[in-house]
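Report on the structure
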Amino acid sequence: LSGINVQRGKVESTGAMQINVNINKINTTGAYLIFTQSEPGTIFNADDWITGRIVNETQISFQMSSIASSLNGPISWQVVNANNGNFRVQRGDTIMSLGVTNLSVGLPTNINTLKSFLLFSLTEGTADSYLGGAVSVAGYISNYTSLQFNRSLDSTTLVLSWQVIEFADSTN
């Protein structure tokens, strides 16, 4: 597709709680972030969950839970940018509180569900070694006005950072 470009990179975290990465200028309403993280260790705990965000047109950021010790693994990232209006992106952050297993989040603008998809990341607020169902979150677009996030256990507070990408062209 013309007018779409992808920036990518890999950043090594050196024990920081937050990592900011400068990128080439993007259209923030037409760009989304995809990333993966590799964290050393043999158990799941607070330092295994991070959120990634587009901060502004020249910066992305990766944030670790405030209760974790540090972020120690590499993060590989890609920013997909459409400067031709081929897709629109809505994004936000929400809290899934302790005691909550189902959370509905309203979208700022209605979407066409047949042309949209959801990406999200999370950090957690408990330093337990293994949280299983408390951090295993299913997120989906429930209708043209809202998102739904579900988990089986409610033993920690989560910060969810979400992006809804909607294709704006006439493709069906």
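The structure reproduced in this document is the subject of the present report. (Residues numbered from 1 in each chain as written. Predicted model: local features only at pLDDT ≥ 70, side-chain atom pairs only at ≥ 80, totals over all residues. Heavy atoms only, no water.)

A separate point is the pattern of salt bridges. Should their charged atoms come close, side chains of opposite charge can pair. By the definition in use, this model includes three salt bridges. Linking Arg53 and Asp93 is a salt bridge whose minimum nitrogen-to-oxygen distance equals 3.0 Å. Here the residue Arg53 occupies a position in strand S4 (residues 50–56), and Asp93 occupies one in strand S7 (residues 87–96), the gap between them amounting to 40 residues. In this structure Arg53 comes out as partly exposed when scored by relative accessible area, which is 24%. Classification of Asp93 as partly exposed rests on a relative accessible area of 45%. Note that Glu166 is salt-bridged to Arg88, the shortest N-O span being 3.5 Å. Here Glu166, found in strand S12 (residues 158–167), pairs with Arg88, found in strand S7; they are 78 residues apart in sequence, far enough to count as distant. Since its relative accessible area comes to 8%, Glu166 is described here as buried. (Salt bridge = Lys/Arg side-chain N within 4 Å of Asp/Glu carboxyl O. Helix = DSSP H or I, 4+ residues; strand = E, 2+ residues; numbered from the N terminus. Buried < 20%, exposed > 50% of the residue type's maximum accessible area, 1.4 Å probe, protein only.)

Moving on: the packing of aromatic side chains. Counting across every chain of the model gives six aromatic pairs. Each ring, one from Tyr32 and one from Phe117, has its centre 5.7 Å from the other, and the planes form 85°; the classification is edge-to-face. Of this pair, Tyr32 sits in strand S3 (residues 31–37) while Phe117 sits in strand S9 (residues 116–124); the two residues are 85 residues apart in sequence, bridging distant segments of the chain. A residue is classified by how much of its surface remains accessible, and Tyr32, at 11% relative accessible area, is buried. (Phe/Tyr/Trp six-rings, centres within 6.5 Å; stacked < 30°, edge-to-face > 60°.)

Coordinates in, geometry out; function isn't part of it.
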